Every structure is written in C-alpha cells, then in structure tokens.
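Examining the three-dimensional arrangement
Now for the letters of each chain:
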Amino acid sequence: MYNTNKQTHRAVEGHTDMDKKSFLHGNLMYVVWTGVAALVIVLLLMFGAVSWLNKFTRHGEEIHVPDLIGLYVDEAIVMAQNAGVNIQVIDSTYSKKVPSGAIVEQNPPAASMSKQGRTVYVIINAKAAKRVTLPNLRDMSLRQAEKQLEALGFVLGETEYEPSVYRDLVLDVKRDGVSLEPGTKLNEGAFVTLVVGFGEGTEMMDVPDLTGKSEAQARQILRSSRFIVGGLYYDEQKTEENEEQFIVYGQSATAGTQLLEGSRIDLRLTTSLEKVASSTTVTSEEEDFF
C-alpha cells in the first residue's frame, strides 16, 4: 500500500515537472518569436524610411544643369523644367553682354551636376545701369579706397601720383580727367581714377588767390597748382540746402607767395558776399586762426 502511494506521488511529481518544463519552453518560444517579430517590423520600417528618403531626395539621380545665360526668364523656365530643375530670380545687375531682362549669372553653373528638382538661382540684366554714390575717399589710404570702390562696383583705372605731405593717401577721384565730388552719382561699373600722394615734391610753386571761389573751384585750382586742400572752416553750419553757396574768403597761405609743391592750404568759407568783399587774402587775424 505504501509503495503504491509512493509510486503515485512520484508519478504526480514527474507530471508536474513536465508541465513546468512545457510552460517554460512555451514562454521562451513566445519571447523569441515576439523579439523576431519586433525585429522584422523595425527592419521593415527602416527599409520603408530609406526607400521614401531616396525617392524624396531622388538619391543617385543627377542631371546636367542647363546653360541659362543669355535667355529670358520665360525661356529659361521651359528649359529648366525640361532638364528637371527649377529656377528662381534672386537679383538684378547691369551688363552690356546680354539683352535687358536676360539672365547674366546662374548658380549652380551650366554643365555642373545637380539632383533633379533642385533650384537654379539666377541674376537678370537690369534695364538700366545701377546708380552708385561715390563715397568720400579723400585722405583715405590707397588700399582702403580701392577696396571701397571695388565693393561698390566701380572699375579702377591707372593710379595717378602727385606731390603731397603724406604718402599713399587719396587726394582726388577723377573720371575722364575731371575731379569728382563725394556724393556724385555714377553708373555701376564706371571707370574712375585715384589721385594719390607720393610725398612732398622739390619744386616751389606760386600760391593762387582763391578768394571768391566756390569750394569745388578752389579744390580744382589748388590741384592744378600742385597743392592739396587742407582744413575747411565754415562760418556757419553746412547743410544740403546751402552747401553750394559757400565761397572762399580766407586762405592759410598768402596768394603770390611760394610753397613747396604738395603743401596743404586751409580755407575759410562763407555764404556772405559782404564777407568776401571786405576780406583780404590773408590778415594777421587769419594767420593766427590757421
């Protein structure tokens, strides 16, 4: 009887152990298959994402950028669409090489490789040359003046040198041999010449009489006499309204005397004709002032 119960107990224990093993095996397989399924889903998602990105960016599809220079925008749009790219106008400039309204620059350049659907940025030729204001370059170093003019789109001619107290400072800006005042409007791409000092000369020159001359006239006369304009002293506030009315009524060097070429001569200016009429070229008071 005891043996029978013992055998029965062992049979129950064996059956229980088999159930446990079966349960553990089933759980393990469930975990494995769940992991495999999750991995497959991740791989499918990654494959789908990569395929979508490749399609969206047209990965590996490249075309030759067409040459749009010289075409009008309407013509360029058709050519660009046929080639598989778009165009966008970003600026205008002035050029004599192509007709007004035609394309003068493009980026990326013609014949370069680009992906389909990308944008080619173009610059068109303006109907008229852009007007640029000439800055005040007097007493500026040659290198600084050249950089400013080039940045504004001017073309520099051969530099001229004249006697001056200081070396390599700009004395004047000319176009076609005519001195230009700061603020003068010129076409973009205009040729200008810088007049630069090379130091004091060795020749004595006669000082001209500048009384009654406008500022522009005084500058021109001093330059032709191989002197340079020094300080300018106005007897009232200079504004846009009265700047053309100022005339010279005093100068720091007596007319008729001699100075070394390249010397600076200061000027006193007024809008009062009475002051000019009553002034002399140089008085002791003016000598003290200058």
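Computed from a predicted structure; not experimentally measured.

1. What about the sheet that holds strand β14 (residues 228-234)?
On the basis of which strands lie adjacent, the open sheet formed by three strands has the order β14-β17-β15 and mixed pairing. The sheet is open, and its two borders are formed by β14 and β15 (247-251), each paired with just one other strand. Direction aside, the axes of adjacent strands within the sheet are offset by 40° on average. Sheet analysis places β14 next to strand β17 (residues 264-270), joined by five bridges and oriented parallel. Bridge pairing links Y233 to R268 in β17. Strands in contact with helix α4 (residues 215-224) are β14, β15 and β17; relative to β14, the strand with the most contacts, it is inclined by about 155°.

2. Observations concerning the confidence of the model for the chain
When the pLDDT values of the chain are averaged, the result is 82; 81% of them are 70 or greater. Averaged over each element, pLDDT in the chain is lowest for helix α6 (residues 284-289) (50) and highest for β15 (95). Predicted confidence for residues 281-285 stays below pLDDT 50, and this span has 12 contacts to residues more than four positions away or in other chains.

3. As for the nonpolar core
Counting residues in each nonpolar core, the largest one holds 16 residues, and the members touching the most others are L137, L149, F154, V173, V192 and L194. Elements with a contribution of two residues or more to this core: α3 (142-151), β9 (167-175) and β12 (191-198). Here V192 is in contact with L149, F154, V155, L156, G157, V173, K174, L180 and L186, once residues within four sequence places are set aside. Counting 13 residues, the second-largest nonpolar core is a separate cluster that includes L210, A218, A253 and L267.

4. Considerations on the sheet that holds strand β3 (residues 103-107)
Strands belonging to one sheet form pairs held by backbone hydrogen bonds; the direction of such a pair is parallel or antiparallel. The strand order across the open sheet built from three strands is β2-β5-β3, with neighbouring strands paired in mixed fashion. Strands with a single pairing partner mark the edges of an open sheet, and in this sheet they are β2 (86-93) and β3. Direction aside, the axes of adjacent strands within the sheet are offset by 25° on average. Sheet topology note: the β2/strand β5 (residues 119-125) ladder contains seven bridges and is parallel. For I87, the partnering residue across the bridge sits in β5 and is V120. Relative to the sheet, helix α2 (residues 73-83) contacts β2, β3 and β5, its axis offset from that of β2 by approximately 150°.

5. Considering a negative patch on the surface
A contiguous patch of negative charge on the surface is contributed by E240, E241, E243 and E244. Its place among the elements puts E243 in the loop between β14 and β15.

Definitions and cut-offs
Residues numbered from 1 in each chain as written. Predicted model: local features only at pLDDT ≥ 70, side-chain atom pairs only at ≥ 80, totals over all residues. Heavy atoms only, no water. Pairing = 2+ DSSP bridges. Helix = DSSP H or I, 4+ residues; strand = E, 2+ residues; numbered from the N terminus. Axes fitted to C-alpha atoms, helices over the stretch in contact; angles between N-to-C directions. Contact = heavy atoms within 4.5 Å. pLDDT = per-residue confidence, 0-100. Core = buried A, V, L, I, M, F, W, Y, C linked by side-chain atoms within 4.5 Å. Buried < 20%, exposed > 50% of the residue type's maximum accessible area, 1.4 Å probe, protein only. Patch = residues over 30% accessible without salt bridge, like charges linked within 9 Å, V, L, I, M, F, W, Y side chains within 5 Å. Areas by Shrake-Rupley, 256 points an atom, 1.4 Å probe, with all protein chains shown as cover. Salt bridge = Lys/Arg side-chain N within 4 Å of Asp/Glu carboxyl O. Lys, Arg positive; Asp, Glu negative; His and termini not counted. Charge placed at Lys NZ, Arg CZ, Asp CG, Glu CD.

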